[in-house]
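# Structure at a glance
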Amino acid sequence: MDQAWSSSFLAQLPGKVQSELRDTAVALTIPAGHIIYRAHDDPRLILVISGLVRIVASSPEGRKATIRYASRADCVGMVSVVTDSQEVTAEAVTAAEVLFLNVGRLQHFARTEPAVGWPVAQFVGRVCTEVIEMMSSALFGSVRQRVARHLLDLAVRRGDDLVVVQDQQEIADAIGSVREVAGRAIRDLRERGLVSRTDAGLRLDDPQGIHQISLHS
């Protein structure tokens, strides 16, 4: 936990604020595929200690799209802290260790101490920039680009390999598409020798090549 904390934006806060936030935090381990918090819950703020978390927006019809990924040392939920509105769901892509922070105390410090308010504002700005970049890719990139980016985001280490354990439907959900379309993009990547099927999942055989695909149609 110490390493994740010191690598996060929380380390920029005054020492007394950090101490209180750590003393009132609650650590949990979330199994892969489980919900960390849901849209319309009370504001939540977590620090990711380990694992991969995705932030999901949903349409009224039930379609889902991933708008951000978070890994070790990332904070999730800060927008809800400053808006008092929770509009997205956080899910554990892999088993994740997370630290739930005391939202009320952080809101109090952000309102009363400039040394807290400015780092919070900067972090919210960075999160918004990440979401804009990801949504721009989703809106303007080809399906192949979007699939390539999400494969890189979802990959986890299995021995010497990088493997994506999610199935085609989950990948399609992540890019806001349908299974058949995502499947064609994955097949194209396989034919290019960039990915292959294994018992563990979809192995990324050429991460650099996949990165290049994610940048260029």
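A few points on the structure. (Residues numbered from 1 in each chain as written. Predicted model: local features only at pLDDT ≥ 70, side-chain atom pairs only at ≥ 80, totals over all residues. Heavy atoms only, no water.)

## Quick notes on the pattern of salt bridges
Throughout the structure, instances matching the rule amount to nine salt bridges. A salt bridge links Arg-22 to Asp-2; the nearest nitrogen and oxygen atoms lie 2.4 Å apart. Taken together, the positions of Arg-22 in helix H2 (residues 15–23) and Asp-2 in helix H1 (residues 2–7) put the pair 20 residues apart, joining distant regions of the chain. Classification of Arg-22 by relative accessible area gives partly exposed; the value is 29%. A salt bridge links Arg-149 to Asp-153; the shortest N-O distance between them is 4.0 Å. Placement of both Arg-149 and Asp-153 in helix H6 (residues 143–154) is noted, with a separation of four residues, approximately one turn of the helix. Judged by relative accessible area, Asp-153 falls into the partly exposed class, the value being 25%. Sharing partners across several salt bridges, the network here consists of Arg-144, Asp-188 and Arg-192. (Salt bridge = Lys/Arg side-chain N within 4 Å of Asp/Glu carboxyl O. Helix = DSSP H or I, 4+ residues; strand = E, 2+ residues; numbered from the N terminus. Buried < 20%, exposed > 50% of the residue type's maximum accessible area, 1.4 Å probe, protein only.)

## Some points on a positive patch on the surface
On the surface, Arg-179, Arg-184, Arg-187, Arg-190 and Arg-197 cluster together into a patch of positive charge. Among the elements that take part in the positive patch, helix H8 (residues 179–191) stands out by supplying four residues, more than any other. By relative accessible area, Arg-184 is classed as partly exposed at 49%. (Patch = residues over 30% accessible without salt bridge, like charges linked within 9 Å, V, L, I, M, F, W, Y side chains within 5 Å. Areas by Shrake-Rupley, 256 points an atom, 1.4 Å probe, with all protein chains shown as cover. Lys, Arg positive; Asp, Glu negative; His and termini not counted. Charge placed at Lys NZ, Arg CZ, Asp CG, Glu CD.)

## A few points about the nonpolar core
Counting 24 residues, the largest nonpolar core has Phe-9, Leu-10, Leu-13, Leu-45, Met-78 and Leu-106 as the members making the most contacts within it. Phe-9 has contacts with Cys-75, Met-78, Pro-119, Val-120, Phe-123 and Arg-126, leaving out every residue within four places of it along the chain. Core analysis: the second largest hydrophobic core is formed by 22 residues, Tyr-69, Val-93, Leu-151 and Leu-204 among them. (Core = buried A, V, L, I, M, F, W, Y, C linked by side-chain atoms within 4.5 Å. Contact = heavy atoms within 4.5 Å.)

## What to know about the state of the cysteines
Counting across every chain of the model gives zero disulfides. Here Cys-75 is not cross-linked by a disulfide; its sulfur's nearest cysteine counterpart is in Cys-128, at 14 Å. For Cys-128, a relative accessible area of 38% puts it in the partly exposed group. (Disulfide = S-S within 2.5 Å.)

## Considerations on H6
The end-to-end C-alpha distance of H6 is 16 Å, a good match for the 16 Å that twelve residues give at a rise of 1.5 Å each. When H6 is considered as a whole, its buried residues turn out to be Gln-145, Arg-146, Val-147, Ala-148, His-150, Leu-151 and Leu-154. (Expected span 1.5 Å × (residues − 1).)

## A look at helix H9 (residues 207–215)
Taken together, the buried positions of H9 are Gly-209, Ile-210, Ile-213 and Ser-214. For H9, the angular spread of the buried residues around the axis is 145 degrees, confining them to a single face. The secondary structure elements touched by the buried residues of H9 are H6, H8, strand S11 (195–198) and strand S12 (201–204). (Arc of directions from axis to C-beta.)

## Overview of the environment of Val-81
Within the secondary structure layout, Val-81 lies in helix H3 (residues 78–83). Ignoring any residue separated from it by four or fewer positions in sequence, one finds Val-81 in contact with Pro-43, Leu-45, Val-103, Leu-106 and Gln-107.

## Focus: the pairing of strand S7 (residues 89–92)
Of the two faces of S7, the one carrying Thr-89 and Glu-91 and the one carrying Ala-90 and Ala-92 are both buried. Pairing of strand S2 (residues 35–37) with S7, which is carried by two bridges, proceeds in the antiparallel orientation. What sits directly across from Ile-35, in S7, is Glu-91. Bridge analysis of strand S4 (residues 53–58) against S7 gives four bridges, and the strand direction is antiparallel. Bridging across to S7, Arg-54 finds its partner in Glu-91. (Pairing = 2+ DSSP bridges.)

## Comments concerning the sheet that holds strand S10 (residues 161–164)
The sheet built from four strands is open, its strands ordered S9-S10-S12-S11 with antiparallel pairing. Edge positions in the sheet fall to strand S9 (156–158) and S11, since each of these pairs with one other strand and no more. Along the sheet, successive strands turn relative to each other by an average axial angle of 45 degrees, direction set aside. With two bridges joining them, S10 and S12 adopt antiparallel strand pairing. Directly across from Val-163, in S12, lies its bridge partner Arg-203. In the packing of H8 onto the sheet, the strands contacted are S11 and S12, and the crossing angle to S11 comes to about 105 degrees. (Axes fitted to C-alpha atoms, helices over the stretch in contact; angles between N-to-C directions.)

These figures come from the coordinates and say nothing about function on their own.
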